[in-house]
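Listed below, chain by chain, are the residues.
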Amino acid sequence: EPEVTQTPSHQVTQMGQEVILRCVPISNHLYFYWYRQILGQKVEFLVSFYNNEISEKSEIFDDQFSVERPDGSNFTLKIRSTKLEDSAMYFCASSEVGGSLRNEQFFGPGTRLTVL
Amino acid sequence: QQPVQSPQAVILREGEDAVINCSSSKALYSVHWYRQKHGEAPVFLMILLKGGEQKGHEKISASFNEKKQQSSLYLTASQLSYSGTYFCGPPKNQAGTALIFGKGTTLSVSS
């Protein structure tokens, strides 16, 4: 069964450093998402991406964050100048079509980011 | 604004039933349900749509009351594999892409 994959599974970085989290969405999916989950808390939407553009973003997704689809298969989340509070599990998701009203999103296994 | 889930936690023995509720102060256009096991990604369970249409693939049922802005997930004859945290995630709005998740309900099923 097709699945979303993410690398690395765990990333440790020093405060102030830049990190890039990578995702390979399901191959025929057109919409891509990033969510994060701080330990023990709920899953929070960060951004959605379609046709090489951001479709929607949350208040969390400020200038520190950026997303990119550098080639036909990868989808990346870049976090510049990481802060302690960026420590969280970051989930990539994808969906075949857009519109969260009717369409399920498939989540990857996540990247645990630890900022020291 | 995030939906409110209740209860926060449920402890069951195998074979027992449970109901997990999700309510919103805003209009609900649909409701997604996900289950997350410890240390794993959320797994899609089902979507409930206005008019009663339901999309899902597990032996778990749910209801959606648009007028009351509520959804309930029914876990019948629970199995050990049902253990995990259940999140409801209504869309942020009718036309968008974001899901806004509740804080989750942790279900523990023991033998």
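Below is a summary of the structure that appears in this document. (Residues numbered from 1 in each chain as written. Chains lettered and ligands numbered in written order. Predicted model: local features only at pLDDT ≥ 70, side-chain atom pairs only at ≥ 80, totals over all residues. Heavy atoms only, no water.)

Examining the state of the cysteines
Residue and element names in this part refer to chain B.
- Going through the model one piece at a time under the given rule, you end up with two disulfides over all chains.
- Bridging Cys-22 to Cys-88, the disulfide has an S-S length of 2.0 Å. Because the torsion about its S-S bond is 70°, the bridge between Cys-22 and Cys-88 counts as right-handed. Taken together, the residues span a long stretch of sequence, with Cys-22 in strand β3 (residues 18–23) and Cys-88 in strand β9 (residues 84–88) at a distance of 66 residues. (Disulfide = S-S within 2.5 Å. Helix = DSSP H or I, 4+ residues; strand = E, 2+ residues; numbered from the N terminus.)

A closer look at the pairing of strand β4 (residues 31–37) of chain A
Residues and elements named next belong to chain A.
- Counting buried positions along β4 yields seven of seven residues, so the element is predominantly enclosed.
- Side-chain alternation along β4 places Tyr-31, Tyr-33, Tyr-35 and Gln-37 on one buried face and Phe-32, Trp-34 and Arg-36 on a second face that is also buried.
- Where β4 lies against strand β5 (residues 43–50), seven bridges are found, and the strand directions are antiparallel. Considered in β5, the bridge of Trp-34 is made with Val-47.
- Taken together, β4 and the strand that follows it, β5, pair antiparallel across an intervening segment of five residues, in which Gly-40 is found at a positive phi of about 80°. (Buried < 20%, exposed > 50% of the residue type's maximum accessible area, 1.4 Å probe, protein only. Pairing = 2+ DSSP bridges.)

Let's talk about the pairing of strand β6 (residues 53–57) of chain A
Residue and element names in this part refer to chain A.
- In terms of strand pairing, β5 meets β6 through four bridges, oriented antiparallel. Of the residues in β6, the one forming a bridge with Ser-48 is Glu-56.
- In this antiparallel pair of consecutive strands, β5 and β6, the connection spans two residues, and Asn-51 shows a positive phi of 55°.

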